[in-house]
Amino acid sequence: QVQLVESGGGSVQAGGSLRLSCAASGRTFSSSAMGWFRQGPGKEREFIATINWSGGRTYYADSVKGRFTISRDNAKNTVYLQMNSLKPEDTAVYYCAVRIASGNPSLSQREYGYWGQGTQVTVSS
C-alpha cells in the first residue's frame, strides 16, 4: 500500500523557517515526479513546487519563488520543502504528492495520483 507521510509542520513567526519532509513507502518513487501543494483557510488547494525524478528540474509558484526550495533524496524515498522568510500568507495545510505516471514535473494537481494527509504550517505576524 502506497503511503506518503508529511512532517515538519508547526508554528513559526514571520521571517522564520521550516523544513517539511514527505516520506514515501509502499513502493519506490525514484522514477516519479513529486510536488508540494497547499490549502490556506478558505482557499482552494494550490500548487507550490514540483521536482522531476532526478532532482535536476524544479518549478515554483511565483508566490514562493526565491523563498522555498524543493529537493529529494531517492535513496530515502523522501522529498523536502525548505521554507525560508515565511509570511503569514504562507499559513496553510501543506500536502506532498507523487506523479506516478511520469518523472516530469507538473503544476497540475490532476497529474498526481498519491497524496499525503497534510501537515499544518502556521505563520504569525
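Position numbers for residues start from 1 in each chain and track the written sequence from start to end. Local features in this predicted model are restricted to residues of pLDDT 70 or higher, and side-chain atom pairs are both shown and tallied only at a pLDDT of 80 or more, whereas totals for entire chains, interfaces and linings draw on every residue. Side-chain numbers here rest on the full set of heavy atoms in the structure, without hydrogens or water.

(A) Local environment of the pairing of strand 11 (residues 119-124). The buried label goes to any residue with under 20% of its type's maximum accessible area, the exposed label to any with over 50%, and the partly exposed label to all in between, with areas taken from a 1.4 Å probe on protein chains only. Labels follow the DSSP assignment, with helices taken as runs of H or I lasting at least four residues and strands as runs of E lasting at least two, numbered in each case from the N terminus. Across the two faces of strand 11 the burial differs, with Thr119, Val121 and Val123 buried and Gln120, Thr122 and Ser124 not buried at all. In terms of strand pairing, strand 2 (residues 10-13) meets strand 11 through 4 bridges, oriented parallel. Within strand 11, the position partnered with serine 11 by the bridge is threonine 122. Here strand 9 (residues 92-99) runs beside strand 11; their pairing, made up of 3 bridges, is antiparallel. Looking at strand 11, one finds that tyrosine 94 is bridged to threonine 119. Strands qualify as paired when DSSP identifies two bridges or more between them.

(B) Broad picture of the pairing of strand 8 (residues 78-83). Among the 6 residues of strand 8, 5 are classified as buried, and the element is accordingly described as predominantly covered. Across 6 bridges, strand 3 (residues 18-25) lies against strand 8 in antiparallel orientation. Counted as the bridge partner of leucine 18 is methionine 83 from strand 8. Both strand 7 (residues 68-73) and strand 8 contribute to a ladder of 6 bridges, which runs antiparallel. The residue of strand 8 that forms the bridge with aspartate 73 is threonine 78. Taking the residues between adjacent antiparallel strands as the criterion, strand 7 and strand 8 are bridged by 4 residues, where asparagine 77 takes a positive phi near 55°.

(C) Spotlight on the side chain of arginine 99. Within the secondary structure layout, arginine 99 lies in strand 9. Side chain to side chain, arginine 99 and glutamate 111 meet in a polar contact 3.0 Å long. Here, residues are in contact when the closest pair of their heavy atoms is within 4.5 Å. Once you skip the residues sitting within four places of it in the chain, arginine 99 turns out to touch Ser32, Ala33, Asn104, Pro105, Ser106, Glu111 and Tyr112. As used in this structure description, the phrase polar contact means that two N or O atoms lie within 3.5 Å; if the pair is within protein, one of them must be able to donate a hydrogen and the other to accept it, and residues adjacent in sequence are counted only when both atoms belong to side chains.

(D) The arrangement of the packing of aromatic side chains in detail. Only the six-membered ring of Trp is used, alongside the rings of Phe and Tyr, when aromatic pairs are assigned; centres must lie within 6.5 Å, and planes under 30 degrees apart are stacked while those over 60 apart are edge-to-face, with the rest tilted. For the structure on display, the rule yields 4 aromatic pairs. With a centroid separation of 5.2 Å and 75° between ring planes, the pair formed by phenylalanine 37 and tyrosine 112 is classed as edge-to-face. Remark: tyrosine 112 occurs in the loop between strand 9 and strand 10 (114-115) and phenylalanine 37 occurs in strand 4 (residues 33-39); sequence separation between them is 75 residues. Through a chain of ring-to-ring contacts, the aromatic side chains of Phe37, Phe47, Tyr112 and Trp115 assemble into a single cluster. Cation over ring: arginine 19 sits above tyrosine 80, and NZ or CZ is 4.0 Å from the ring centre. The ring of tryptophan 115 carries the charged tip of arginine 45 above its face, separated from the ring centre by 3.7 Å. Over a ring means this: the NZ of a Lys or the CZ of an Arg is within 6 Å of the ring centre and within 35 degrees of the ring normal.

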